[in-house]
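Letter by letter, the chains look like this.
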Amino acid sequence: MDSATTLYNQLKAAEPFFLLAGPNLIESEEHIMWMAKSIKTIASKVGLPLVFQSSFDKANRTSSKSFRGPGMSEGLKILEKVKIACDIPIVTDVHESIQCEEVGKVADIIQIPSFLCCQTDLLVATAKTGKIINIKKGQFCAPSVMVNSVEKVRLAGNPNVMVCEREQYLDTTDAVDPKINHSLKILSCCSVVTFSVRPKNQGEFVDPCTFRFLEFFLQFSSLFLMESFRFFMCSTAFKLFINISYLKTSIVFAICCFNILLTNCW
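Residues numbered from 1 in each chain as written. Predicted model: local features only at pLDDT ≥ 70, side-chain atom pairs only at ≥ 80, totals over all residues. Heavy atoms only, no water.

Draft legend 1. Quick peek at the nonpolar core. Ranked by internal contacts, the top residues of the largest apolar core, which has 41 residues, are Phe52, Val82, Ile112 and Ile135. Among the elements that make up this core, the one with the highest residue count is helix 2 (residues 29–46) (7 residues). Other than its neighbours up to four places away in sequence, Ile112 contacts Val94, Cys117, Leu122, Leu123, Thr126, Ile133, Asn134, Ile135 and Lys136. Formed by 12 residues, the second largest nonpolar core is a distinct cluster that contains Ala14, Phe18, Leu20 and Val51. (Core = buried A, V, L, I, M, F, W, Y, C linked by side-chain atoms within 4.5 Å. Buried < 20%, exposed > 50% of the residue type's maximum accessible area, 1.4 Å probe, protein only. Helix = DSSP H or I, 4+ residues; strand = E, 2+ residues; numbered from the N terminus. Contact = heavy atoms within 4.5 Å.)

As structure tokens, this is what we get:
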């Protein structure tokens, strides 16, 4: 059994779910390494399998003036260092078919951005890397549309494919609808990733607002915030500016966690 299939089966069997987590974009090697070590420490404490996520390029930024990342060459070098140093699998996204081969040499999971979820050439190119493919469902797509995207990957010879549900509507303040996730799972016959967690693979759909989910959700966000304060308090004056940035990131993360919690559950 190849390494991709082994990892895919491990993630499918994860209880109560596995975690795809990390900063949206690679800001620097120091920042990404700190994030990876911190998240791995916390995930280990709560017993969740972790796949570390970050992007080397965000090609769909709203503004042309926005920072897009370090680029593929430098970004993959940083992600490879994280993979080796922290001994964790890596997920990152691609925007063009030409990127797939190089990304496949580092990433364990290749992610398709939501706005490109129907692009045949891109889906086929990622499938041919032999890596696990995570397709983010476009907010503009019905669950049934994703059946075709999954099929494109499978027909290219890669059975290890997941679908990621984000928000149901184009307004990203709207919560993910668990019914949509359930439909995706039934129609595509593959694992469904939601807000970086995947419900139980067999049996009934597990609503992310069960007490089991809340227990891990609150514990993870609290530990992440405490880890950030610990790192901040141990910092030297010379690193104060950078560590304030880390602390702000952590506080925003915790606020987002509790906001998602409140939006979905009360």
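Draft legend 2. The packing of helix 2 against helix 3 (residues 72–86), seen in detail. In contact at an axis separation of 10 Å, helix 2 and helix 3 are set at 35° when each is read in the N-to-C sense. Of the two possible hands of crossing, helix 2 and helix 3 adopt the one that is right-handed. Residues Glu29, Ile32, Met33, Ala36, Lys37 and Lys40 of helix 2 form the contact with helix 3, whose own contacting residues are Ile78, Lys81, Val82, Ala85 and Cys86. Classifying every residue of the contact of helix 2 with helix 3 by side-chain character gives 7 nonpolar, no polar and 4 charged. (Axes fitted to C-alpha atoms, helices over the stretch in contact; angles between N-to-C directions. Left-handed = near helix turned anticlockwise from the far one by under 90°. Nonpolar A, V, L, I, M, F, W, Y, C, P; charged D, E, K, R; others polar.)

Draft legend 3. Examining the pattern of salt bridges more closely. With the rule as written, the count across this model stands at 5 salt bridges. Across the pair Lys81 and Glu29 runs a salt bridge, and its minimum N-O distance is 3.3 Å. Separated by 52 residues along the polypeptide, Lys81 in helix 3 and Glu29 in helix 2 bring together distant segments of the chain. (Salt bridge = Lys/Arg side-chain N within 4 Å of Asp/Glu carboxyl O.)

Draft legend 4. View of the environment of Arg154. In this fold, Arg154 is placed in helix 6 (residues 143–155). Put simply, Arg154 and Ala127 are 27 residues apart on the chain and 7.6 Å apart in space, counted from C-alpha to C-alpha.

Draft legend 5. How the structure looks around the pairing of strand 3 (residues 90–93). Residues Ile90 and Thr92 of strand 3 are buried on one face, and the alternating residues Val91 and Asp93, pointing to the opposite face, are buried as well. With 2 bridges connecting them, strand 2 (residues 50–53) and strand 3 associate as parallel partners. Looking across to strand 3, one finds that Gln53 is bridged to Val91. Handedness of the crossover joining strand 2 and strand 3 through helix 3 is recorded here as right-handed. Judged from the 3 bridges that link them, strand 3 and strand 4 (residues 109–112) form a sheet pairing that is parallel. Its bridge partner being in strand 4, Thr92 is matched across the sheet by Ile110. (Pairing = 2+ DSSP bridges. Right-handed = clockwise from strand over helix to strand, strands pointing away.)

Draft legend 6. How the structure looks around helix 6. Compared with an ideal rise of 1.5 Å per residue, which puts 13 residues at 18 Å, helix 6 spans 19 Å between its outermost C-alpha atoms and is within 8% of the ideal. Of the residues making up helix 6, those classed as buried are Pro143, Met146, Ser149, Val150 and Val153. Relative to the axis of helix 6, the buried residues are bounded by an arc of 100° and lie together on one face. Among the residues trailing helix 6, Gly157 stands out with phi positive, at a value near 100°. (Expected span 1.5 Å × (residues − 1). Arc of directions from axis to C-beta.)

These values are about where atoms sit, not about what they do.
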